[in-house]
Amino acid sequence: MESIVAKFGGSSVANGTQIRKVKAIIEQDPRRRYIVVSAPGISYENNTKVTDLLLLLDTLHKNHQDYHGVLHNIRRIYEGIANEFSISMDFDQEFEEILRQMDVGEGTDYIVSRGEYLNAKLMAQILDLPFVDAKDLLFFNQDGIFDEEASIHAIGEILKDLPGAVIPGFYGQLPKGRIKTFSRGGSDFSGAVISAGVNALVYENWTDVSGFLVADPRIVKNPERIKEITYEELRELSYMGASVLHDEAMFPILKDRIPIKIKNTNAPEEEGTLILPQEKKRHFSNITGIAGRKNFTVIYIQKTKLNWDRSFYRKLMGILESHDIYLEHMPSSIDSVSLIIKDDVKDPKVRKVIDDIKNICEPEAIGFERGISLITVVGHGMKNTTGTSAICFQSLAKANINIRLIVQGSSELNIIIGVNDEDYENAIENIYHGFLK
């Protein structure tokens, strides 16, 4: 039987009202068999996410401070959901177990994971589906690295004979049974792994927005929605801050080319955004999306006959590695190169890097500048569309915005433009209207 994996984020399961919407969505299509849930998010009754309350509980307990008020607030959220659906759960036993594990020194990952665990147990009763604990499906090796092969095997074996299941997102287990969580937003990743394990028809990711928009609505008023986007396009936009979906969520489903559908729990009738392999994309425009990030530092290096020095780039990378600095981009010309790094690298460290470059690489000129924003214009259609770059540059020129740097990869999937931080919002708005008038 074909199956759909449906993951519901914190806003979708924040309270009884939202969960009723979730229940209706699941019952609308019998192929929605495997349900992955987050911990309850912010709602009109609760202005703090359960995950944040659990983190606070853990901190207070470790510092021997009174945590009972926080514990009461967490319990109240779950009891409210249970009461609304007239279901029973032994909350005394559940919370006594949490406190017992805290007292014996169980780690923060365990405490925080109880948000998803308790919510999934409630949702299993509400949906009349089996509860399957994520620790029995998702595994990490002894170094804390996710073990995809073991996880895919366990998912296939455990879920194959079930009519469906409710599974908590966000965590799995280490070799000796201790709980380990993914990074924030990791329930997206959990859903993707479950999708790969059951070879799902589609992985639905239900949230509080109707898919991706071409540009940030805080900058561009009423931007168009993206109907279809490829895995590769999504990676580029996610890197630059488009955060509807955890940016690693597509990795487990790449091999099987399983589509991802972003849908809005509060408006299920809206089409949403379909994320799919490039070969399955039907709608191509000259661009797919625009995104960006502020606060980069650029180190400018100039050296005559740089291209004759075969060891130059190896030395540069070695210097960055020795200072534990990640390189974001490296635009270059025949006699110059720029290193783009995040602005969180402090001035003294940047100056030490520059000193090392002077001593080891012997450039003729070197300097750095902070406060640079990077804007990426993404789209597979750019490769075969004449004038895409011209539209970007003309849009910025008309707005009197100076372009500080340009980066374009050989795939021609995107163009990255650097501008001053103070021009960031204006640049995105003008690029958007240059393409979508």
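Further up the page is the structure itself.
What this report covers is the structure whose coordinates are included nearby. (Residues numbered from 1 in each chain as written. Predicted model: local features only at pLDDT ≥ 70, side-chain atom pairs only at ≥ 80, totals over all residues. Heavy atoms only, no water.)

Some remarks on the packing of helix α3 (residues 68-84) against helix α5 (residues 108-127)
At their nearest, the axes of α3 and α5 sit 11 Å apart, and the two run at 5° to each other. When the axis of α3 is compared with that of α5, the two are roughly parallel. Counting all contacts with α3, which are made through Y78, I81 and A82, the residues of α5 involved are R114, G115, L118, N119, L122 and I126. For the contact of α3 with α5, the residue count by class is six nonpolar, two polar and one charged. (Axes fitted to C-alpha atoms, helices over the stretch in contact; angles between N-to-C directions. Helix = DSSP H or I, 4+ residues; strand = E, 2+ residues; numbered from the N terminus. Parallel < 35°, antiparallel > 145°, perpendicular 65-115°, else oblique. Contact = heavy atoms within 4.5 Å. Nonpolar A, V, L, I, M, F, W, Y, C, P; charged D, E, K, R; others polar.)

Looking at the sheet that holds strand β12 (residues 365-378)
Strand order in this open sheet of five strands is β11-β10-β12-β14-β13, and the pairing throughout is antiparallel. One side of each edge strand has no neighbouring strand; the edge strands of this open sheet are β11 (336-342) and β13 (405-408). For this sheet the average axis-to-axis angle between neighbouring strands, irrespective of direction, equals 35°. Pairing of strand β10 (residues 289-302) with β12, which is carried by eleven bridges, proceeds in the antiparallel orientation. What sits directly across from V298, in β12, is E369. Packing of helix α11 (residues 388-398) onto the sheet brings it into contact with β12, β13 and β14 (414-420), and relative to β14 it is tilted by some 15°. (Pairing = 2+ DSSP bridges.)

Things to note about the pairing of strand β1 (residues 4-8)
Burial runs high along β1: five of the five residues are buried. Of the two faces of β1, the one lined by I4, A6 and F8 and the one lined by V5 and K7 are each fully buried. With five bridges joining them, β1 and strand β6 (residues 202-207) adopt parallel strand pairing. If you follow K7 over to β6, its bridge partner there is N205. Strand direction decides the pairing type here: β1 and strand β2 (residues 32-37), joined by five bridges, are parallel. Across the sheet, residue V5 finds its bridge partner in β2, namely Y34. In the classification by handedness, the crossover that spans β1, the intervening helix α1 (residues 16-28) and the parallel β2 is right-handed. (Buried < 20%, exposed > 50% of the residue type's maximum accessible area, 1.4 Å probe, protein only. Right-handed = clockwise from strand over helix to strand, strands pointing away.)

Overview of unusual backbone geometry
Positioned with a positive phi, S86 is a non-glycine residue whose angle comes to about 55°. The residue S86 is located in the loop between α3 and α4 (91-103) in this model. Take S86: its relative accessible area is 69%, and that puts it in the exposed class. Even without being glycine, F170 reaches a positive phi, approximately 85°.

A short note on the environment of I325
On the secondary structure map, I325 appears in the loop between α9 (312-322) and β11. The spatial distance from the C-alpha of I325 to the C-alpha of Q142 is 26 Å, given a sequence separation of 183 residues. If sequence neighbours within four positions are ignored, I325 has contacts with L320, I341, V345, K349 and V353.

What about helix α12 (residues 424-435)?
Taking 1.5 Å per residue as the helical rise, α12 with its twelve residues ought to reach 16 Å, and the 17 Å between its terminal C-alpha atoms agrees with that figure. All of the buried residues in α12 are Y424, A427, I428, I431, Y432, G434 and F435. Buried residues in α12, looked at end-on, bunch into an arc of 160°, giving them a common side. Residues of α12 that are buried in the fold lie against β10, β12, α11 and β14. (Expected span 1.5 Å × (residues − 1). Arc of directions from axis to C-beta.)

Focus on the packing of aromatic side chains
All told, the structure shown has nine aromatic pairs when counted by the stated rule. Taking the centre distance of 5.1 Å and the plane angle of 55° together, the rings of F182 and F189 count as tilted. When sorted by exposure, F182 lands in the same class as F189, which is buried. Chaining the aromatic ring pairs together yields one cluster made of F140, F146, F182 and F189. It is R20 that lies over the ring of F85; its NZ or CZ is 4.5 Å from the centre. Above the ring of Y117, the side-chain terminus of R114 is found at 4.3 Å from the ring centroid. (Phe/Tyr/Trp six-rings, centres within 6.5 Å; stacked < 30°, edge-to-face > 60°. Lys NZ or Arg CZ within 6 Å of the ring centre and 35° of its normal.)

Overview of α3
The terminal C-alpha atoms of α3, which comprises 17 residues, lie 24 Å apart, in line with the 24 Å expected from a rise of 1.5 Å per residue. The complete set of buried residues in α3 reads V70, L71, I74, I77, Y78, I81 and A82. End-on view of α3: buried residues confined to an arc of 135°, all on one side of the axis. Looking at α3, the residues exposed on the side facing more than 90 degrees away from the buried face are H72 and N83. The inward-facing, buried residues of α3 abut α1, α2 (50-62), α4 and α5. Positive backbone phi, approximately 55°, marks S86, located one or two places after α3.

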